[in-house]
Amino acid sequence: MSGESPARSEAEAMIAEAKKALWVMVGLLAVLWVVQIFNSLDGYDLGREFGIEARDPASLPEIFSAPFIHSSWGHIEGNSGPLFVFGFLAAYRGVKKWLGVSVLIIVASGLGVWFTSPSNSVTVGASGLVFGYFGYIIVRGLFDRHPIDIVIGVVMALCFAYQFTSLLPTDERVSWQGHLFGFAGGIIGGWLFRDRKPKAAAAPDAATTLLPKDLS
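This one's a predicted model, so the numbers in the text were calculated from it and none came from an experiment.

**A word on helix 3 (residues 73-91)**
In this model, helix 3 (19 residues) spans 26 Å end to end at C-alpha, consistent with the 27 Å of a helix rising 1.5 Å per residue. At Ser-80, helix 3 shows its largest bend, some 25 degrees, and a proline, Pro-82, comes one to four positions later.

Written out as structure tokens, the structure is:
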């Protein structure tokens, strides 16, 4: 019985990984919305307690909690759609790699906010992740040399070109710092987590090939 073709096997593995990515993103959005419900019922105290306060050493751990908290219903609604789309596209080739990329983006975005935001400001929201995934999917195809990912990156860059304006200080109510450093983290993640093809084994050197001993 003939074995399964490598192309079909790879396609099935990618589909299975895409299904996992879909459910991971559904779960992440569910967590964000549950946190938002409790936050709204609590008068949005979670944002003040677990948001990133610029240059406050005690606020450094909040780098990891701030992306899961939003300041209003409009805030979470605006982030949910792009987060789902970009997050799924970032994860569909491998959820484990996506986790590493996500941590890198959260740290890059959070530290950028912590160092460069106005004094006494408190920043929350998943937009740093959104822009990080955006940057990641734009460059991933170039680093991995997967034609389909190159196409996805070009299409996303063209369709969401207006998002690039959010990387600049155009609105004092919007944390452009989180967007910019998250985007940079996604690009760095594309390089650090790129597919590394195994090097082909070198052919034996004809000059040093050992010949059987003459038994005559």
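**Observations concerning the nonpolar core**
Counting residues in each nonpolar core, the largest one holds 38 residues, and the members touching the most others are Leu-83, Phe-86, Trp-98, Tyr-133, Phe-134, Ile-137 and Met-156. At the level of elements, helix 1 (6-41), helix 3, helix 4 (95-116), helix 5 (127-144) and helix 6 (147-159) are the ones that each hand at least two residues to this core. Top contributing element to this core by residue count: helix 5, with nine residues. Leaving out residues up to four positions away in the same chain, Phe-134 has contacts with Phe-86, Met-156, Ala-157, Phe-160, Gln-163, Phe-164 and Phe-183.

**What to know about helix 6**
An α-helical turn contains 3.6 residues, so any two residues separated by three or four positions project in the same direction. With 13 residues, helix 6 ought to run about 18 Å at 1.5 Å a step, and its terminal C-alpha atoms sit 18 Å apart, in line with that. Buried within helix 6 we find Asp-149, Ile-152, Gly-153, Met-156 and Ala-157. The buried side chains of helix 6 occupy one side of the element, clustering within an arc of 125 degrees when seen end-on. Residues of helix 6 that are exposed and point over 90 degrees away from its buried face: Pro-147, Val-151 and Leu-158. Buried residues along helix 6 sit against helix 3 and helix 5.

**Side note on the environment of Glu-49**
Within the secondary structure layout, Glu-49 lies in helix 2 (residues 45-50). A residue is classified by how much of its surface remains accessible, and Glu-49, at 51% relative accessible area, is exposed. In this structure, the C-alpha to C-alpha distance between Glu-49 and Ala-66, residues 17 residues apart in sequence, is 9.5 Å.

**Comments concerning the layout of surface pockets**
Of the pockets and cavities examined, the largest pocket occupies roughly 790 Å³. Lining the largest pocket we find 45 residues, and of these His-75, Thr-123, Val-124, Arg-173 and Ser-175 sit closest to its centre. Every element with two or more residues in the lining of the largest pocket is listed here: helix 2, helix 3, helix 4, strand 2 (122-123), helix 5 and helix 7 (176-192). Residues belonging to the lining of the largest pocket are distributed by class as follows: 20 nonpolar, 21 polar and four charged.

**Re the packing of helix 3 against helix 5**
Direction vectors running N to C along helix 3 and helix 5 enclose 35 degrees, while the axes themselves pass 9 Å from each other. Note that helix 3 runs across helix 5; the crossing there is left-handed. Here Asn-79, Pro-82, Leu-83, Phe-86, Gly-87, Leu-89 and Ala-90 of helix 3 lie close against helix 5, whose contacting residues are Ser-127, Leu-129, Val-130, Tyr-133, Phe-134, Tyr-136, Ile-137 and Arg-140.

**Here's the deal with the confidence of the model for the protein chain**
Per-residue confidence for the protein chain averages 89 on the pLDDT scale, and 88% of its residues sit at or above 70. Summarising per-element confidence for the protein chain, the mean pLDDT is lowest in helix 1 (91) and highest in helix 4 (97). Counting interchain partners and residues more than four positions distant, the pLDDT-below-50 stretch residues 200-204 has one contact. Low pLDDT, under 50, characterises residues 206-216; the predicted model gives this stretch one contact beyond four residues in sequence or across chains.

So, how was this worked out
Residues numbered from 1 in each chain as written. Predicted model: local features only at pLDDT ≥ 70, side-chain atom pairs only at ≥ 80, totals over all residues. Heavy atoms only, no water. Helix = DSSP H or I, 4+ residues; strand = E, 2+ residues; numbered from the N terminus. Expected span 1.5 Å × (residues − 1). Bend = angle between axes of the 7 residues up to and from the residue. Core = buried A, V, L, I, M, F, W, Y, C linked by side-chain atoms within 4.5 Å. Buried < 20%, exposed > 50% of the residue type's maximum accessible area, 1.4 Å probe, protein only. Contact = heavy atoms within 4.5 Å. Arc of directions from axis to C-beta. 1 Å grid on protein atoms, 1.4 Å probe; cavity = no way out; pocket = protein on both sides within 12 Å on 5 of 7 lines; lining within 4 Å. Points joined across faces, edges and corners; volume = space filled by probe spheres on them. Nonpolar A, V, L, I, M, F, W, Y, C, P; charged D, E, K, R; others polar. Axes fitted to C-alpha atoms, helices over the stretch in contact; angles between N-to-C directions. Left-handed = near helix turned anticlockwise from the far one by under 90°. pLDDT = per-residue confidence, 0-100.

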